[in-house]
Amino acid sequence: MSTLTRNLNGSREMMKTYCRRMEIPVLGEVAVPPPDKLAYYAGLGVLAALQVIEWPLALVVTAGHLLADQHYSGLVKGVGEALESA
């Protein structure tokens, strides 16, 4: 198995983990990140609540991680579709 194929198989699994959705009354349907990401975000929240880090810094770090995850999942989806059509 080549490195590219191995990475794409792992990426498909990652895409499946981000397909979990939850219905929230005010917000509607929201994508739920995997448990390890939720723990990371909760850790940032605890650090901000204990004033170990400032809350604006926690928000910026969280937003950066969310944007990076969205870009990564979109990139993987595009590569998978290109390989399927080839």
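Calculation rules
Residues numbered from 1 in each chain as written. Predicted model: local features only at pLDDT ≥ 70, side-chain atom pairs only at ≥ 80, totals over all residues. Heavy atoms only, no water. Helix = DSSP H or I, 4+ residues; strand = E, 2+ residues; numbered from the N terminus. Buried < 20%, exposed > 50% of the residue type's maximum accessible area, 1.4 Å probe, protein only. Contact = heavy atoms within 4.5 Å. Areas by Shrake-Rupley, 256 points an atom, 1.4 Å probe, with all protein chains shown as cover. Pairing = 2+ DSSP bridges. pLDDT = per-residue confidence, 0-100. Patch = residues over 30% accessible without salt bridge, like charges linked within 9 Å, V, L, I, M, F, W, Y side chains within 5 Å. Salt bridge = Lys/Arg side-chain N within 4 Å of Asp/Glu carboxyl O. Expected span 1.5 Å × (residues − 1). Arc of directions from axis to C-beta. Phe/Tyr/Trp six-rings, centres within 6.5 Å; stacked < 30°, edge-to-face > 60°.

### Thoughts on the overall build of the chain
Helix and strand content of the chain: three helices and two strands. Order of helices (α) and strands (β) in the chain, N terminus to C terminus: α-β-β-α-α. Across the 86 residues that make up the chain, the buried fraction comes to 17%. Partitioning the contacts of the chain with sequence separation of at least 6, the portion at a separation of at least 24 is 29%. Accessible surface computed for the chain: about 6,600 Å², of which carbon and sulfur atoms make up 67%.

### Observations concerning the pairing of strand S1 (residues 21–24)
Looking along a regular strand, one sees side chains alternate from face to face of the sheet. The pairing of S1 with strand S2 (residues 28–31) spans four bridges and is antiparallel. Looking at the pairing, Met22 lines up with Val30 of S2. What sits between the antiparallel neighbours S1 and S2 is a turn of three residues.

### Focus on the confidence of the model for the chain
Detailed reading of the predicted coordinates is not advisable wherever pLDDT is low. Put simply, the chain has an average pLDDT of 76, and 65% of its residues get 70 or more. The secondary structure element of the chain with the lowest average pLDDT is helix H1 (residues 3–17), at 52, and the one with the highest is helix H2 (residues 35–49), at 91.

### Here's the deal with unusual backbone geometry
For residues besides glycine, phi is generally negative; the peptide bonds are generally trans as well. Of note in the backbone geometry, Gln51 takes a positive phi value of approximately 60 degrees without being a glycine. Note on placement: Gln51 falls in the loop between H2 and helix H3 (55–85).

### Concerning a nonpolar patch on the surface
Residues Val46, Leu47, Leu50 and Val52 make up a contiguous nonpolar surface patch of roughly 370 Å² in combined accessible area. Mapped onto the elements of the fold, Val46 is located in helix H2. Val46 gets classed as partly exposed once you look at its relative accessible area, which sits at 47%.

### Considering H2
Quick reminder: α-helices carry 3.6 residues per turn. Residues three or four places apart thus point the same way. Its 15 residues give H2 an end-to-end C-alpha distance of 21 Å, which sits within 8% of 21 Å, the value for a rise of 1.5 Å per residue. Taken residue by residue, H2 has Tyr41, Leu44 and Ala48 as its buried positions. One face of H2 carries all of its buried residues, which in axial projection span an arc of 55 degrees. Summarising the geometry of H2, the exposed residues directed more than 90 degrees from the buried face are Pro35, Asp36, Ala39 and Ala49. One or two positions beyond H2, positive phi appears at Gln51, with a value near 60 degrees.

### Points about the packing of aromatic side chains
Evaluation of the coordinates by the stated rule reveals one aromatic pair. Where Tyr40 meets Tyr41, the ring centres are 5.8 Å apart and the plane angle is 70 degrees; that geometry is what we call edge-to-face. When its relative accessible area of 35% is taken as the criterion, Tyr40 is described as partly exposed. Owing to a relative accessible area of 15%, Tyr41 belongs among the buried residues under this scheme.

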